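# Observations on the three-dimensional arrangement
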2 protein chains.
Amino acid sequence: MSAFDDLMAHERQTQALSQVAGRLGWDQETVMPRGAGAQRAEEMAAVAAILHERRTSPAVGDWLAAIDDAALDAVGQAQMRHIRRDYARATRLPAALAAEIARTRSLAHQRWAEARGAEDVAHFLPMLERMIELKRQEGAALADGGDPYDALLQDYEPGATAAGLEAMFGALRPRLVALRAACLEKPAPEALSGDYDESAQMRLSRVLAKTFGYDMARGRVDKAVHPFSSGSGDDVRITTRTNPADPFNCFYSTIHEVGHAAYEQGIDPAYGLTPLGQGVSMGVHESQSRIYENQLGRSRAFTGWLYERMREAFGDLGLAGPDAFYAAVNALKPGYIRTEADEVQYNLHVLLRFDLERDLIAGKLEAADLEEAWNARFEADFGYAVDKPSNGCLQDVHWSEGLFGYFPTYTLGNVYAGCLMQALRAAVPDWEAQLAEGDLSGVTGWLRENVQRHGGLYEPREVITRACGQEPSEGPLLEYLEAKFGALYGV
Amino acid sequence: MSAFDDLMAHERQTQALSQVAGRLGWDQETVMPRGAGAQRAEEMAAVAAILHERRTSPAVGDWLAAIDDAALDAVGQAQMRHIRRDYARATRLPAALAAEIARTRSLAHQRWAEARGAEDVAHFLPMLERMIELKRQEGAALADGGDPYDALLQDYEPGATAAGLEAMFGALRPRLVALRAACLEKPAPEALSGDYDESAQMRLSRVLAKTFGYDMARGRVDKAVHPFSSGSGDDVRITTRTNPADPFNCFYSTIHEVGHAAYEQGIDPAYGLTPLGQGVSMGVHESQSRIYENQLGRSRAFTGWLYERMREAFGDLGLAGPDAFYAAVNALKPGYIRTEADEVQYNLHVLLRFDLERDLIAGKLEAADLEEAWNARFEADFGYAVDKPSNGCLQDVHWSEGLFGYFPTYTLGNVYAGCLMQALRAAVPDWEAQLAEGDLSGVTGWLRENVQRHGGLYEPREVITRACGQEPSEGPLLEYLEAKFGALYGV
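Residues numbered from 1 in each chain as written. Chains lettered and ligands numbered in written order. Predicted model: local features only at pLDDT ≥ 70, side-chain atom pairs only at ≥ 80, totals over all residues. Heavy atoms only, no water.

Rotating chain A by 180 degrees about the axis while translating it 0.0 Å along that axis superimposes it on chain B, leaving an RMSD of 0.0 Å. Such a combination of rotation and displacement between the chain copies is what one expects of a two-fold axis. Among all residues of chain A, the one whose C-alpha sits closest to the rotation axis is Val20 of chain A, at a distance of 4.0 Å. Both copies contact each other with a shared surface, as 100% of the interface residues of chain A are interface residues in chain B too. (Least-squares fit on C-alpha atoms with pLDDT ≥ 70 in both. Contact = heavy atoms within 4.5 Å.)

Next up, the structure:
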């Protein structure tokens, strides 16, 4: 066995254990007995510690020193790119700092939940300050002389830089603010009303999952408090949720998670249980969930098909017809909450967080001034004031968990989805006719072939560039949004 | 940190990972997507390899050398007894032999399933021969000069010896053969007939589980092909099965698994995720499942209560009354299959296997002669000939998986259950009145206090001796069976 073979055997076991950790997470959110929480936390901590030990093992360092990447084929070189990057990251982070962050995360999370419940920012501040300080230290340790925020960003989007994202996001913001304001000046479209049986929602959810190419033999759909997708390869499970008053929440959560899951299921099986066997970044992952959910799932063509399926399942929907249904699916509403936002407003929520978190890590903004900065920015972009912290700076869990550098991948995913949809329209010219028949195999097949199957073979930006034939930019997303919502709202 | 503290920290992580492995097994049998089998096998193999690596780690050897057991308290000394034994076992077995056994297990299992389906013993023989040879080697390596079969037995029942079991089992056999023959000469009792709704069976199963003290907040009941219990501490799950024609199968499988699960749930929480935090042996485990299922669950007092619950759930059962119901629950039937056998005949099946497998490991019996030996022994004890291999030597999965030394723990569990029931009758004199009201808290509370809570603190035989105030023997089981079935059948 060569050093490369030995290293890959070690990696396969590590990846398998990492899959197991994911399965524990699924179990916890779906089927775990309610009294098992404390024991489960200890089980997950043990698996995390064993994973960390394996990832920082001196044996890995020895193998890395012995391997000549140039002598490997392209796939081997791509594996090495991931392994070298992960090892550098894992060994650069001092163990004491990692442990302190883990400890603070659980305390900060609890404080955040209490503070949000009590609408009391001050209650969260000491833990937030501590977390920011620790993440600054982590960023500095990982950056090795470079920019700390960029270093944090690499965990979620390898190759991305804050400067590159700023350029993209800077171009998005004014046009989204203008589009939002113009649409909201117009009369609101008819909304769905009534009660929708939750079992029937789950049944239609499963139909939607299959329609979007989710392989039920290698996955399953369950109900959970939060929709999520979990696992890679042949065991990729999704969850969704139901609300009798809001079936769209169930259906579009399902389609969103199917986008994530189809990506994982679509990766070349040859990469199974290796570093290439998972979605390559949060941004590319989100590009799949968003293009499934929005560009495809909220298109006029597909909503026409969905309208009929909903009428079959629930009877008359009280809407004038498929055009009214399309308008209802795509309605803009004033609001405070990122996760409830529509396609137009969603990215404004993200840009706000991106700008604030960069300032927090850079030391240009202190935790004590966060609420004021948040509220000022929100009013500037949305035109009305935040009414309470749970609708403002306490709404998201991310910062309490130390997730700095995560938010921008949401909008990057939307930008990528815009680029991919432009390419997809050219590659599958009759996509709308197909979707109108409920046939998603053409569009999801194109995405599988051009994005999903590559897994971690290419760097994130390169995946999109190869699929689209050009470098990604914010242009296609903006054009798509302005055209779609311009037509819907007559602006 | 002392060497003992370091070792225990390592053990906690290992135990946690071992719990995780159990959870993967549960997942596989209940909720896993059907296409995930191959990936799951690789995940489980990786976890097994990591567990083996941790159990044979030279660091453990260094800690063991540095620790003076005599300086520890009683609990610490018990922990060390387990850890030293497990480490000796893990390091005595040559890695190449362990790998060859694992490889052969999967091939032999497949061959066995094919052979059973085709009623073709010869098809299984080459793999069975190979497995026996490997287990002889394993026994010799573990025995370190002692008896190989005894060495294999230690995996399931630490402290037991074949000679000790032979003495017990030798006394059981003639009286069970005689009791069986006498009962089967009598007219068969009325049997249950009709169809029993499977959802209603599951609902009543959950009621039974709670009635027998199973903590549903720290467990769950699901349907699976085979009933089993899995996990320790705060996450102990059971499965059961349903058959419209045979509700007793569902209910008594549930009660049996609840016995196993209640044992795990009942262990002192201070031992959680340590070597003491699990049932101490297969025999003691089976004593709990069997006393729940048989001495308690099939008692006249409890069946009287169950009769009323079944009538509530299913309407008239077509039986004359609670005495007829009690007779139906405890009916003896001629048959070939161990897992379908009643209290009287079950142990005869086990004794047969115990005698044959000792001869196989000792080299006194070769695989080629197994079928003949099996059939001769079966006819001697049961009075009729085996009609086909799937009803004879191909019926059990155990030997194909290399499980030699496992079978006797089933009967040892029954012997222990007999002893415990004798002690329980003295300790809870009005147990029958309690059971007649569906109140199992008195009897399960006694078992928790006297057996279950100790986990691995005492050696298996010592647990029973302490609970009963005397050394275990086969006498109480025989007296119980002869009294119960003598009265039922008038013999």
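The three strands lie next to each other as β1-β3-β2 (chain B), forming an open sheet whose pairing is mixed. Pairing within the sheet leaves two strands with one partner each, and these edge strands are β1 (221-223) and β2 (229-230) of chain B. (Pairing = 2+ DSSP bridges. Helix = DSSP H or I, 4+ residues; strand = E, 2+ residues; numbered from the N terminus.)

This part takes up the interface of chain A and chain B. Residue-level contacts link 37 residues of chain A with 37 residues of chain B. Contact between chain A and chain B buries roughly 3,000 Å² in total, counting both sides, with carbon and sulfur atoms accounting for 56%. Taken as a group, Pro33, Gln39 and Ile50 of chain A account for 17% of the area that chain A buries against chain B, more than any other trio of residues on that side. Scanning the region where chain A abuts chain B turns up ten salt bridges. Residue Arg12 of chain A is joined to Glu42 of chain B by a salt bridge in which the shortest nitrogen-to-oxygen separation is 2.7 Å. Taken together, the links from chain A to chain B amount to 18 residue pairs in polar contact (both at pLDDT 80 or more). Within the residue set of the side of chain A that touches chain B, elements represented by two or more residues are α1 (3-30) and α2 (37-55) of chain A. (Buried area = accessible area lost by both parts, 1.4 Å probe. Salt bridge = Lys/Arg side-chain N within 4 Å of Asp/Glu carboxyl O. Polar contact = N/O pair within 3.5 Å; in protein donor to acceptor, adjacent residues only side chain to side chain.)

Okay, the pairing of strand β3 (residues 237-240) of chain B next. All names here are of chain B. On β3, burial covers both faces: Arg237 and Thr239 on one face and Ile238 and Thr240 on the other are all buried. Note: β1 against β3, three bridges, orientation parallel. Following the sheet pairing, Asp222 is matched in β3 by Thr239. As paired elements, β2 and β3 share two bridges and run antiparallel to each other. Residue pairing across strands places Ser230 opposite Arg237, the latter belonging to β3. Turn length for the β2-β3 hairpin, with the two strands adjacent in sequence and antiparallel, is six residues, and the turn residue Gly231 shows positive phi of about 105 degrees. (Buried < 20%, exposed > 50% of the residue type's maximum accessible area, 1.4 Å probe, protein only.)

Turning our eyes to something else, we now look at the pattern of salt bridges. Taken as a whole and assessed by the stated rule, the structure comprises 82 salt bridges over all chains. Linking Glu100 of chain B and Arg130 of chain B is a salt bridge whose minimum nitrogen-to-oxygen distance equals 3.1 Å. Of this pair, Glu100 of chain B sits in helix α5 (residues 95-118) while Arg130 of chain B sits in helix α6 (residues 121-143), placing them 30 residues apart in sequence. Of the charged contacts, one joins Glu462 of chain B and Arg466 of chain B as a salt bridge, the two residues approaching to 3.1 Å between their closest N and O atoms. Separated by four residues within a single helix, Glu462 of chain B and Arg466 of chain B lie in helix α19 (residues 460-468), roughly one turn from each other. A relative accessible area of 33% places Glu462 of chain B in the partly exposed class. Sharing partners across several salt bridges, the network here consists of Arg23, Asp235 and Arg237 of chain A together with Asp27, Arg40 and Glu43 of chain B.

Everything listed here is a matter of geometry and, on its own, says nothing about what the molecule does.
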